[in-house]
Amino acid sequence: MSEWKDICKFSDLAANTGVCALHNQEQVAIFRVGKEQKVYAISNYDPIGKANVLSRGIVGDIKGKLVVASPLYKQHFCLETGECLEEPENSVKAYAIRVEGDVVQLQA
Amino acid sequence: MSKQKIIVVGNGMVGHKFIENMIEHPDYDQYEVVTFSEEPRLAYDRVQLSYYFAGKTVDELMLTSPDYYDENGVRFIVSDKVVNIDHANKKVVTASGREESYDKLILATGSYPFVPPIPGKDQEHCLVYRTIEDLEGMTASAKVSKVGVVVGGGLLGLEAANALKNLGLETHVVEFAPRLMAVQLDEGGGQLLRSKIEALGVSVHTEKNTTEIVAGETCRYRMNFADGSHIETDVILFSAGIRPQDELARQFDIEIGPRGGIVIDNNCLTSAKDVYAIGECALWDGKIYGLVAPGYNMAKVAVSHITGGDLAFEGADMSTKLKLLGVDVASIGDAQARTPGCLSYTYSDGHAGVYKRLVVSADNKKVIGAVLVGDVEAYGNLLQMMLGDIEIPGSPEALILPSIDGAAPALGVDALPDSAQICSCHDVTKGDIFEAVKGGCTDLSGIKSCTKAVTGCGGCAAMTTQVMNAALTEMGVEVDDSLCEHFSYTRQEIFDIIRVKGIKSFDELLESHGQGHGCEICKPAIGSMLATHWNEYVLDDKHIGLQDTNDIFLANMQRDGTYSVVPRIAGGEITPEQLIVLGEVGRDFGLYTKITGGQRIDFFGAQLHELPPIWERLVEAGFETGHAYGKSLRTVKSCVGSTWCRYGMLDSVSMAVNLEMRYKGLRSPHKLKMAVSGCTRECAEAQGKDVGVIATDKGWNLYLCGNGGMKPRHADLFAQDLDDETLIKYIDRFFMFYCRTADKLQRTSVWMDNLEGGIEYLHEVIVEDKLGICEELEADMARVIDTYECEWKKTLNSPERLKRFAHFINSDLTDDNLAYVEMRGQAKGRIATDEERQKLAKGVEIETVELV
Ligand SMILES: Cc1cc2nc3c(=O)[nH]c(=O)nc-3n(C[C@H](O)[C@H](O)[C@H](O)COP(=O)(O)OP(=O)(O)OC[C@H]3O[C@@H](n4cnc5c(N)ncnc54)[C@H](O)[C@@H]3O)c2cc1C
Ligand code: HEM
Ligand code: SF4
Ligand code: SF4
Ligand code: FES
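Quick caveat, the model's predicted, so the values are computed rather than measured. (Residues numbered from 1 in each chain as written. Chains lettered and ligands numbered in written order. Predicted model: local features only at pLDDT ≥ 70, side-chain atom pairs only at ≥ 80, totals over all residues. Heavy atoms only, no water.)

Novice: Residues and numbers for the overall build of chain A, please.
Specialist: Helices and strands together make up the secondary structure of chain A, namely 0 helices and 11 strands. In sequence order, chain A lays out its α and β elements as β-β-β-β-β-β-β-β-β-β-β. A burial count over chain A gives 57% of its 108 residues as buried. Long-range contacts, defined here as pairs at least 24 residues apart, represent 44% of the contacts in chain A between residues at least 6 apart. (Helix = DSSP H or I, 4+ residues; strand = E, 2+ residues; numbered from the N terminus. Buried < 20%, exposed > 50% of the residue type's maximum accessible area, 1.4 Å probe, protein only. Contact = heavy atoms within 4.5 Å.)

See below:
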């Protein structure tokens, strides 16, 4: 089951920003956080603003949780779980992601 | 039950206050209110009357409006004087013959200026200072005059002298008593005030008793004095005191004091049944109160009595603090030390121009009066100690001595009782402020709007802030103004750290002064500060993660995740060729096209991958980015000005273009808008902008800290008749001072409302260079201007950066969640609703909308 699909190069990601990938017909927001080689993936769709924009939010941490703030109305989504901190009923899907060498991969 | 009808004669400050209090009363629906005014308009702020000369308009001085009265069912009749009271039949008659019956009658007729019976006093340019019409008369007289004399060196006289001086006249003050402000000041204070005022170029003549006004030789008139001396002048302004307007009451058997004034009791009732008198026409305990606060208090008491409450008028404190011709003066309680057995302490510093006198009780324990000239910082403290009958902590002289070690022996606001009055203009107590804070007003501008404190004379600002902070502390709200959980510093402190330590990146700052990873609050705020100070490219590797989505893609994100594009059109000026290019870009990329509120053109519906080709076309045609996406200077709006307009005084378009080109790209705590109008008709609406510039026949007037938006605020007039160079110098300093000291996302209007000392303090910093930082501010601005580059041009030259402008990192496909509906001839007339998008997904055609 654990098949991984190449998405892009790690070096394509600027530190502390996100990009959007097309993966199995779904839009996935991928974030690179901090100085380590650490990446996260959640859905790109903001269920509150109803638009595909989460990859373009600012990343940071709130009370220890790594989050992205929606660029539309600023709700926070947890990067590890996709949980929406303000409106848990509007949480989004999280994806399994890893870095192999210089390649970022999503689980197929 | 039929309503009780109340007639209010006189719609001045106090008459209006009475009506306002009635309207706010829970039983208001049982009353009907009618008011008459002899003046041609409803109540205005007489206390601020002199600001008329500083550019305040009549509209801005108004305390109420016909709409407000209409909405609340108050009938009003202006320009009609009540001339008769038929008390037996309970009705009033006006000059125009109108009759109106009443159940309760309120006399709020105010006072009139006293003009001493000097032969020759009734000539054309002999004026008084009380109404807007008087001020219009003064302006007209000043135009044909060179010299002006004010008769009377009291509080109002000195205000009038200031007005004459500002109208450009050589100004003299003639006073009968041996010193200025004889009522409020003691001799030492009067002397110092005199020397300060003379230093400003106003001549003061004391102990002069005018005997006649005759034709002059060098001027229009000559005033002869009892001591044989004389003075020549073109205008004479009488300010020799006020007399209660009790004419109406005199015609009936309503009791009048021996020297005038309608006698009232503790309920503000006159000797006639159902007739009340309030404000400056009323005589209570043998006293007329010539200040507005006691009048407001009477209004409250009268409302209470009519509606069955039990408030009583118990006299008022006459302490005052004000700025006369730029000199701070305050007088508290028994300033003249007339209380038997009292002791006084005096401190005077001839060099700094400070005089203070403290009067204490015979036992040396209580403050009973004070005079402060030149340094009035102790006013709030001393006044509260007197009103609260609080025992002096330590030795009395410490209260007026300058604190050598910086630790002023301030009386903590904790020591005050809840009933202590903090704002006398609006009768706001310590308890009121505490309640407002508990109700959620946690900054000064909030306190201002919910309690009205600080919105009258403004003298209580410092004290109000102290009380507010005490309330916050008591509630356990740490007055925590740190930026966010990652930085326990205020924005201002962080700005200083960046400047002083030369910090150039967020990571550097986070490491040395913060914790965690940062968030969407601190990142853009710090990104903005770094940009204000160093002005590096915002998409640089070390800055890109700090930018809001708008800045990251140098465009404004719309609700569906697409972007709008706004090129700079400085001053709103554009060549036909450029306009054609814009049209072509809009057409070729199929963008919804609209003219913005800032005199430029906005294209909507561009997807990420379309932004670079759009900008390539724009940059090629000579356009630069418009920074519509940034917290930065937006536009400088302009009217067409003197180059075309019949009324234009100066070339407003050139100035607007210059200003926009100078400040473009300046990153700031919040967006900045400017405008330039070519004359006082103000077609560019400059007074609603952060920086507004209006041409006069003598130069530019500069207005600061205005705002449209959610909470509109008129800009304050900051400086007048400036030349181009000074104008720009002041704006440089203003912008940089704001950028350094404002809170994150704080517009200049809120910043100003929270700035201790307000516009006067700002004047001291920017014009008088009180903090000695003006040179630095200008240098900082010069660096920003020198390092400007168009962010779009730079981005187009960087293939690495351009890679980011695609919806997917691993595919050339685009977002499939976008759909638009045609409207008024534009294909992308609007974003489709969710429902419509679902229909579209199923292949159902959407009806187009055509509105004409
Ligand atoms: C230049 C200036 C500066 C001042 N500065 C201060 C200050 O710093 N602090 C302070 O506390 N006070 C100040 N005052 C005083 C303050 O303005 C007055 O105390 C206040 O306006 C009194 O209010 P009032 O309603 O009693 O009288 P007014 O405001 O004078 O109103 C009375 C109104 O009644 C009208 N009226 C009179 N008779 C009739 C009639 N028969 N029929 C119909 N209408 C009638 C009058 O035309 C007038 O409009 C200042 C006054 C002036 C002129
Ligand atoms: C997502 C939020 C917003 C976006 C994308 C946005 C965008 C814009 C743009 C592009 C303009 C045209 C100005 C120009 O030519 O540069 C504009 C004008 C204006 N905006 Fe906004 N705006 C936003 C929020 C607000 C808010 C919250 C307010 C009020 C508090 C506001 C008040 C104004 C005003 C008053 C103007 C007219 C300016 C003028 O006449 O000079 N905007 N806005
Ligand atoms: S503000 Fe004055 S100069 Fe400018 S367009 Fe209007 S009338 Fe003309
Ligand atoms: S007024 Fe409101 S709806 Fe209109 S552009 Fe501004 S923020 Fe958007
Ligand atoms: S005391 Fe005048 S505004 Fe508060």
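And the narrative resumes.
Novice: An account of the packing of helix H21 (residues 724-741) of chain B against helix H24 (residues 774-786) of chain B is needed here, citing residue identities and associated values.
Specialist: Axes are the key here: two packed helices are described by the angle between their axes and the distance separating the axes. All names here are of chain B. At their nearest, the axes of H21 and H24 sit 8 Å apart, and the two run at 90° to each other. Our classification of the angle between H21 and H24 gives roughly perpendicular. On H24, the residues that touch Lys 729, Asp 732, Arg 733, Phe 735, Met 736, Phe 737 and Arg 740 of H21 are Cys 774, Glu 776, Leu 777, Glu 778, Asp 780, Met 781 and Val 784. Partitioned by chemical class, the residues of the contact of H21 with H24 number 7 nonpolar, no polar and 7 charged. (Axes fitted to C-alpha atoms, helices over the stretch in contact; angles between N-to-C directions. Parallel < 35°, antiparallel > 145°, perpendicular 65-115°, else oblique. Nonpolar A, V, L, I, M, F, W, Y, C, P; charged D, E, K, R; others polar.)

Novice: So what's going on with the interface of chain B and chain A? Residues and values would help.
Specialist: Across the boundary between the two partners, chain B contributes 37 residues, which contact 38 residues of chain A. Buried surface at the junction of chain B and chain A, summed over both partners, amounts to about 2800 Å²; 53% is from carbon and sulfur atoms. Area buried by chain B at its contact with chain A is led by His 517, Glu 520 and Ile 809 of chain B, which between them contribute 22% of it. Our count for the chain B to chain A interface comes out at 2 salt bridges. Linking Asp 12 of chain A and Lys 803 of chain B is a salt bridge whose minimum nitrogen-to-oxygen distance equals 3.8 Å. Joining chain B to chain A, the criterion identifies 14 residue pairs in polar contact (both at pLDDT 80 or more). Secondary-structure elements contributing two or more residues to the side of chain B that touches chain A are helix H15 (522-534) and helix H27 (834-841) of chain B. In the side of chain B that touches chain A, the residues fall into 11 nonpolar, 13 polar and 13 charged. (Buried area = accessible area lost by both parts, 1.4 Å probe. Salt bridge = Lys/Arg side-chain N within 4 Å of Asp/Glu carboxyl O. Polar contact = N/O pair within 3.5 Å; in protein donor to acceptor, adjacent residues only side chain to side chain.)

Novice: Can you break down the sheet that holds strand S6 (residues 99-101) of chain B residue by residue, with the values?
Specialist: Residues and elements named next belong to chain B. The strand order across the open sheet formed by 3 strands is S4-S5-S6, and the pairing between neighbours is antiparallel. The outermost strands of the open sheet, each flanked by one partner alone, are strand S4 (82-86) and S6. For this sheet, the mean angle separating the axes of adjacent strands, direction not counted, is 20°. Pairing analysis gives 4 bridges linking S4 to strand S5 (residues 91-94), with the strands arranged antiparallel. Of the residues in S5, the one forming a bridge with Val 82 is Thr 94. (Pairing = 2+ DSSP bridges.)

Novice: Could you give an account of the nonpolar core, with specific residues and numbers?
Specialist: Residue and element names in this part refer to chain B. Phe 18, Leu 105, Leu 107, Cys 268 and Ile 278 are the most contacted members of the largest nonpolar core, which totals 53 residues. Considering every element that reaches this core, the biggest residue donor is helix H8 (residues 292-306), with 8 residues. The contacts of Cys 268, once residues within four sequence positions are left out, are Val 275, Tyr 276, Ala 277, Ile 278, Met 298, Val 301, Ala 302 and Phe 313. In this structure, Ile 728, Phe 735, Ile 773 and Met 781 belong to the second largest nonpolar core, which totals 41 residues. (Core = buried A, V, L, I, M, F, W, Y, C linked by side-chain atoms within 4.5 Å.)

Novice: How would you sum up the packing of aromatic side chains? Please name residues and give values.
Specialist: All names here are of chain B. Following the criterion strictly, the structure yields 17 aromatic pairs over all chains and no others. Ring geometry for Tyr 738 versus Trp 751: centroids 5.5 Å apart, planes at 75°, classification edge-to-face. Residue Tyr 738 is found in helix H21, and its partner Trp 751 is found in helix H22 (residues 748-754); the two are separated by 13 residues along the sequence. On the basis of relative accessibility, which here comes to 0%, the residue Tyr 738 falls in the buried class. Connected via pairs of aromatic rings, a cluster forms that spans Tyr 663, Phe 734, Phe 735, Phe 737, Tyr 738 and Trp 751. The aromatic ring of Tyr 647 is capped on one face by Arg 681, whose charged end is 3.8 Å from the ring centroid. (Phe/Tyr/Trp six-rings, centres within 6.5 Å; stacked < 30°, edge-to-face > 60°. Lys NZ or Arg CZ within 6 Å of the ring centre and 35° of its normal.)

Novice: Just give me the short version of the side chain of Lys 430 of chain B, but keep the residues and values in it.
Specialist: All names here are of chain B. Looking at the secondary structure, you find Lys 430 in helix H10 (residues 430-438). Nearest to the buried, unbridged Lys 430 among oppositely charged side chains is Asp 418, at 4.5 Å. Residues contacting Lys 430, with those up to four places away along its chain left out, are Val 413, Asp 414, Leu 416, Pro 417, Asp 418, Ala 420, Ile 422 and Val 467. (Lys, Arg positive; Asp, Glu negative; His and termini not counted.)

Novice: Go over the state of the cysteines with me, naming the residues and quoting the values.
Specialist: Residues and elements named next belong to chain B. Tallied over the full model, the rule gives 1 disulfide over all chains. The disulfide that involves Cys 441 links it to Cys 450, with 2.4 Å between the sulfurs. When its relative accessible area of 41% is taken as the criterion, Cys 450 is described as partly exposed. Between Cys 484, a free cysteine, and Cys 522, which holds the nearest cysteine sulfur, the sulfur-to-sulfur gap is 3.6 Å. On the accessibility criterion, Cys 484 (14% relative accessible area) is buried. (Disulfide = S-S within 2.5 Å.)

Novice: So what's going on with the site of ligand 1? Which residues, and what values?
Specialist: Residues and elements named next belong to chain B. Taken together, 29 residues sit near ligand 1, with Val 14, Glu 39, Arg 130, Glu 280 and Val 292 positioned nearest. Within the side chain of Arg 130, one N or O atom sits 2.6 Å away from an oxygen atom of ligand 1. Val 292 has a polar backbone atom sitting 2.9 Å from an oxygen atom of ligand 1. Relative to its unbound accessible surface of 1000 Å², ligand 1 loses 92% to contact with the protein. For the shell around ligand 1, the elements supplying multiple residues, two or more each, are helix H1 (13-24) and helix H5 (155-166). With 3 residues, H1 is the single largest residue contributor to the shell around ligand 1. Partitioning the shell around ligand 1 into residue classes produces 12 nonpolar, 9 polar and 8 charged. Both domains that furnish three or more residues to the shell around ligand 1 are identified here as domain 1 (4-111 + 244-306) and domain 2 (126-240). (Near = heavy atom within 4 Å. Areas by Shrake-Rupley, 256 points an atom, 1.4 Å probe, with all protein chains shown as cover. Domains from an automatic or database assignment.)

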